[in-house]
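Examination of the molecular architecture
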Amino acid sequence: SQTIHQWPATLVQPVGSPLSLECTVEGTSNPNLYWYRQAAGRGLQLLFYSVGIGQISSEVPQNLSASRPQDRQFILSSKKLLLSDSGFYLCAWSVNINSPLHFGNGTRLTVT
Amino acid sequence: GQQLNQSPQSMFIQEGEDVSMNCTSSSIFNTWLWYKQDPGEGPVLLIALYKAGELTSNGRLTAQFGITRKDSFLNISASIPSDVGIYFCAGQTTGANNLFFGTGTRLTVIP
């Protein structure tokens, strides 16, 4: 069966520091991968999605970037964090663009 | 993008009661999905609906894909304390970036 791993679970970083959140999927090949941000327990906002290695689409202009160095690995990064980057970040995968998404357990990021 | 109106925003119910929530949109969707999110965790897929009029159950949960393809509802029968959480609907069209989420219904079950 397929599983999705996301880490770390929580992270506290100072303003101006870099960020790297990692997500990996097991048990499937060539999944679609997604990064979402959720504010205050609601409102899932799509940040990035990828349909293949090296293919990244960005949905909103922001201080973050994403990369997909391997088929089942998706990384969310920032060179310099802002206070407004605080939030709950969720990675998700799907079999294809018309299939339901399956989410990881999220990373709670606090920028201080 | 498309807007999904999910209601109610929150519910407080007694254990054992039935729950009903719904999602409406001005746009047509090919798929309706219902997720549940526990505090501090990611949303978990409960039910997926693929055809207009489809009625699908998953244990005490029942969801329907509206005939107009612009709405869906989720019912929970005989609620229990572990039903507490936020329930999200999501409508899916074709193509990339095709999934749109409702704003969630926060359910509280009073023992």
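Scroll up to find the structure.
Because the structure is predicted, anything quoted here is derived from the model rather than measured. (Residues numbered from 1 in each chain as written. Chains lettered and ligands numbered in written order. Predicted model: local features only at pLDDT ≥ 70, side-chain atom pairs only at ≥ 80, totals over all residues. Heavy atoms only, no water.)

1. Some points on the sheet that holds strand β7 (residues 61-65) of chain B
Residue and element names in this part refer to chain B. The strand order across the open sheet formed by five strands is β1-β3-β8-β7-β6, and the pairing between neighbours is antiparallel. The sheet is open, and its two edges are formed by β1 (4-7) and β6 (55-58), each paired on a single side. Looking at each pair of strands side by side, their axes are set apart by 15° on average, direction ignored. Bridge count for β1 against strand β3 (residues 19-25) is four bridges, and the pairing is antiparallel. Residue pairing across strands places Asn5 opposite Thr24, the latter belonging to β3. (Pairing = 2+ DSSP bridges. Helix = DSSP H or I, 4+ residues; strand = E, 2+ residues; numbered from the N terminus. Axes fitted to C-alpha atoms, helices over the stretch in contact; angles between N-to-C directions.)

2. Re the pattern of salt bridges
All names here are of chain B. Within this structure, the stated rule accounts for three salt bridges over all chains. For Asp83, the salt bridge is made with Arg60, and the minimal N-O distance between the two is 2.8 Å. One end of the pair, Asp83, is in the loop between β8 (71-76) and β9 (85-92); the other, Arg60, is in the loop between β6 and β7, with 23 residues separating them in the sequence. (Salt bridge = Lys/Arg side-chain N within 4 Å of Asp/Glu carboxyl O.)

3. Here we look at the side chain of Ser17(A)
All names here are of chain A. Mapped onto the secondary structure, Ser17 falls in the loop between β2 (10-13) and β3 (19-26). In this structure Ser17 comes out as buried when scored by relative accessible area, which is 11%. A distance of 3.2 Å separates polar atoms of two side chains, one belonging to Ser17 and the other to Gln13. Only 2.6 Å separates the side chain of Ser17 from the backbone oxygen of Pro14, close enough to count as a polar contact. (Buried < 20%, exposed > 50% of the residue type's maximum accessible area, 1.4 Å probe, protein only. Polar contact = N/O pair within 3.5 Å; in protein donor to acceptor, adjacent residues only side chain to side chain.)

4. Here's the deal with the pairing of strand β5 (residues 44-49) of chain B
Residues and elements named next belong to chain B. For strand β4 (residues 31-37) and β5, the ladder comprises five bridges, and the chain directions are antiparallel. Paired with Trp32 across the bridge in β5 is Leu49. Taken together, β4 and the strand that follows it, β5, pair antiparallel across an intervening segment of six residues, in which Gly40 is found at a positive phi of about 75°.

5. Re the sheet that holds β3(A)
All names here are of chain A. Spatially, β1-β3-β8-β7 is the arrangement adopted by the four strands of the open sheet, whose pairing is antiparallel. On the outer flanks of this sheet lie β1 (3-7) and β7 (65-70), each paired with one strand and no other. Direction aside, the axes of adjacent strands within the sheet are offset by 20° on average. Sheet topology places β7 next to strand β8 (residues 73-78); four bridges connect them, and they run antiparallel. Paired with Ser67 across the bridge in β8 is Ile75.

6. Some remarks on the interface of chain B and chain A
The interface of chain B with chain A comprises 26 residues on the first partner and 21 residues on the second. Taking both sides of the interface into account, the surface hidden between chain B and chain A amounts to around 1,800 Å²; carbon and sulfur atoms contribute 53%. Between chain B and chain A we count five residue pairs in polar contact (both at pLDDT 80 or more) in total. Taken together, the elements giving at least two residues each to the side of chain B that touches chain A come down to β4, β5, β9, β10 (99-101) and β11 (105-110) of chain B. Residue composition of the side of chain B that touches chain A, grouped by class: 11 nonpolar, 13 polar and two charged. (Contact = heavy atoms within 4.5 Å. Buried area = accessible area lost by both parts, 1.4 Å probe. Nonpolar A, V, L, I, M, F, W, Y, C, P; charged D, E, K, R; others polar.)

7. Side note on unusual backbone geometry
With an omega of 0°, the peptide bond between Trp7(A) and Pro8(A) qualifies as cis. Looking at the secondary structure, you find Pro8(A) in the loop between β1 and β2. Omega for the bond connecting Ser7(B) with Pro8(B) falls within 30 degrees of zero, at -5°, which places this linkage in the cis form. Within the secondary structure, Pro8(B) is located in the loop between β1 and β2 (10-14). Even without glycine at this site, Arg69(B) takes up a positive phi of about 70°. In this structure, Arg69(B) sits in the loop between β7 and β8.

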